[in-house]
Amino acid sequence: MKARVHVMLKDGVLDPQGEAVKHALGTLGFAGVEGVRQGKVIELDLAAGDRAAAEAEVRAMCEKLLANTVIEKYSVEIV
Amino acid sequence: MKAAVITFPGSNCDRDLAVAFEAAGAEVVRVWHKDTSLPEGVDVVGIPGGFSFGDYLRCGAIAARSPIASAVAAHAARGGFVLGICNGFQVLTETGLLPGALMRNAGLKFICKTVELEVATADSAFTDGWAKGAVVRFPVAHHDGNYTVDAETLARLRAEDRVAFRYRANPNGAMDDIAGVLSENRRVLGLMPHPERVVDPVQGGSDGMGLFRSLLGRMALA
């Protein structure tokens, strides 16, 4: 079973990298980009066979390591 | 007085930190990140600057989960002193021993220069050698020093006088110009600037010695 974790900065936390990407897109002529937020995707290969158990375990991994919940939010997708 | 200085893969200020502690009169033991306990009788743990584990995932994130990290947390819980500088500050926020997080510098550039700091509180073993408001010059060398914390915690840090140092000219976007913060019991300090790089006039300054002397002086009384 595979899990995909999306880690993004929380809303309201300034994302300087996203701002820089937005600025560069504007420079390239892409008008109308109103906001850019940059995050991470982490893919996990899991031995677990049970979907719900896998999701619970990946959530625990996010809380303990994969995301810093002071500044980041995460979502878990079992694929 | 015994100081333990931890080395992670990528630490590069560990020797400087050891030399600074020694210059202030401490006995220094070097500790490896895979060690699971601190040597007997350690009064202060130094977590050095540099990098750790390539700063993969987030700066300090992997180091904060390394075997020695739980021994450091236990030492702090016993009321032991901990000093985290630069990457060491990032490690301390990742372990949860200090609040907040260090994000990418607002200008996105690595900053390497000497900055002026204001001693924001003299009420800690690390800073009681100065008067509140004293100005010191320490170098900074970081890419991720933009201190970020939620509004409620920031208000608490200010109310509890836990901001140890503030930048006089904010180089990295840190909230409230914060360069260093203290734990609730005021015995854990994390700061981005490098006091250990200015402990001898041959380094271009010796302001950093004030921090190590204060700390050692306090421990001598204990």
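Residues numbered from 1 in each chain as written. Chains lettered and ligands numbered in written order. Predicted model: local features only at pLDDT ≥ 70, side-chain atom pairs only at ≥ 80, totals over all residues. Heavy atoms only, no water.

Looking at an unreviewed UniProt entry, chain B carries the name Phosphoribosylformylglycinamidine synthase subunit PurQ, with the source organism given as Cereibacter changlensis JA139. Listed in UniProt under the heading Pathway (unreviewed entry), the comment for chain B reads: "Purine metabolism; IMP biosynthesis via de novo pathway; 5-amino-1-(5-phospho-D-ribosyl)imidazole from N(2)-formyl-N(1)-(5-phospho-D-ribosyl)glycinamide: step 1/2." (UniProt positions renumbered as here; feature names shortened; annotations may be inferred.)

An unreviewed UniProt entry lists chain A under the name Phosphoribosylformylglycinamidine synthase subunit PurS, with Cereibacter changlensis JA139 as the source organism. Looking at the Sequence similarities (unreviewed entry) heading of the UniProt record, one finds this comment for chain A: "Belongs to the PurS family." As recorded by UniProt, the Subcellular location (unreviewed entry) comment attached to chain A reads in full: "Cytoplasm".

Observations regarding the sheet that holds strand 2 (residues 40-45) of chain A
Residue and element names in this part refer to chain A. Reading across from one edge, 2-1-3 is the order of the three strands in this open sheet, with antiparallel pairing throughout. Two strands in the sheet have a free side with no partner beyond their single neighbour: strand 2 and strand 3 (72-78). Mean inter-strand twist for the sheet, computed between neighbouring axes without regard to direction, equals 20°. Where strand 1 (residues 2-9) meets strand 2, six bridges bridge the pair, whose relative direction is antiparallel. Counterpart to histidine 6 in the pairing with strand 2 is valine 41. Against the sheet, helix 2 (residues 51-66) touches strand 1, strand 2 and strand 3, its axis set at about 155° to strand 3. (Pairing = 2+ DSSP bridges. Helix = DSSP H or I, 4+ residues; strand = E, 2+ residues; numbered from the N terminus. Axes fitted to C-alpha atoms, helices over the stretch in contact; angles between N-to-C directions. Contact = heavy atoms within 4.5 Å.)

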